[in-house]
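# Remarks on the overall topology
Take a look at the letters that make up each chain.
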Amino acid sequence: QLGRGAEAEILVVFRHEAVHAILHANISHIPRWLDEGLAQSFSRGFTIQDGRTLLALPVKQFRKYLPETAFEQEASARLAYPLSCGLVSYLRELGRNPLALFLNRLNNEDVETAFDSSYGIRLSFFFYMFRENFLSRYTLLNLIVSDEGVFGIMTVLAVILLLVQRIRNRRKLVRLGEADEAEAEEEEKSESESESECRQRD
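Keep in mind the model is a prediction, meaning the values are calculated, not measured.

## Topic: the environment of Phe127
Looking at where Phe127 falls in the secondary structure, it is placed in helix H7 (residues 123–134). Classification of Phe127 as buried rests on a relative accessible area of 2%. Between the C-alpha atoms of Phe127 and Lys60, which are 67 residues apart in sequence, the distance is 8.9 Å. Every residue in contact with Phe127, bar those within four places of it in the chain, is listed here: Val59, Phe62, Arg63, Leu66 and Leu87.

## Focus: helix H6 (residues 111–119)
Here H6 has its buried residues at Val111, Ala114, Phe115, Ser118 and Tyr119. Looking down the long axis of H6, one finds its buried residues gathered within 100 degrees of arc, a one-sided arrangement. N-capping of H6 is provided by Asp110, with a side-chain oxygen placed 3.1 Å from the backbone N of Glu112. Positive phi appears at Gly120, one or two residues downstream of H6, with a value of about 75 degrees.

## Some details on the environment of Arg122
The topology assignment puts Arg122 in the loop between H6 and H7. Taking the C-alpha atoms as reference, Arg122 lies 7.1 Å from Glu112; in sequence the two are 10 residues apart. Residues contacting Arg122, with those up to four places away along its chain left out, are Phe115 and Asp116.

## A closer look at a positive patch on the surface
On the surface, a cluster of positive charge is contributed by Arg168, Arg171, Lys172 and Arg175. On the basis of relative accessibility, which here comes to 53%, the residue Arg171 falls in the exposed class.

## Examining a negative patch on the surface
Taken together, Glu178, Asp180, Glu181, Glu183, Glu185, Glu186, Glu187 and Glu188 make up a surface patch of like negative charges. With respect to the helices and strands, the residue Glu186 is situated in helix H9 (residues 147–201).

Parameters and conventions
- Residues numbered from 1 in each chain as written.
- Predicted model: local features only at pLDDT ≥ 70, side-chain atom pairs only at ≥ 80, totals over all residues.
- Heavy atoms only, no water.
- Helix = DSSP H or I, 4+ residues; strand = E, 2+ residues; numbered from the N terminus.
- Buried < 20%, exposed > 50% of the residue type's maximum accessible area, 1.4 Å probe, protein only.
- Contact = heavy atoms within 4.5 Å.
- Arc of directions from axis to C-beta.
- Polar contact = N/O pair within 3.5 Å; in protein donor to acceptor, adjacent residues only side chain to side chain.
- Patch = residues over 30% accessible without salt bridge, like charges linked within 9 Å, V, L, I, M, F, W, Y side chains within 5 Å.
- Areas by Shrake-Rupley, 256 points an atom, 1.4 Å probe, with all protein chains shown as cover.
- Salt bridge = Lys/Arg side-chain N within 4 Å of Asp/Glu carboxyl O.
- Lys, Arg positive; Asp, Glu negative; His and termini not counted.
- Charge placed at Lys NZ, Arg CZ, Asp CG, Glu CD.

Below is the structure:
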């Protein structure tokens, strides 16, 4: 009895919570940003809207939205969730093996040490990589040439073409009406001339 939209949303929520369950069953301690990021990334993914939201967020403010408390307050959660999803989505792009190693090492090491030993770079430097490499895809130009951007442009052009066609049709109707009136006037004029000629003959 559910609509397709509701079914899709339920599936997203199920995947999200399933990822949480798997992580909590296998990792003794996982940072909230990594926990939520994995759940978001595997359930609905990182969206263009997420990219647009994070473009205005400086790298120096990233750590402000990574603690547990950032996900519990509405104002900060608006940025904490897409940031965590983006970071994890980029981690997944960097390879499955280092991500699996990173998660495994969290059982015995702190986040900074586990990340450094798994990826060979400091977590702070990874933030800059994410900002420059991953979010560079969400600039205005890239958004325009993306599938979603092209679809949006085509939609706008289609609406403009419909409006132009409608205006042209109205103008044609006005011209046809004016032509009909002119023709009717000509007919009346010719009839009146014919009648006057007939009277003159009589």
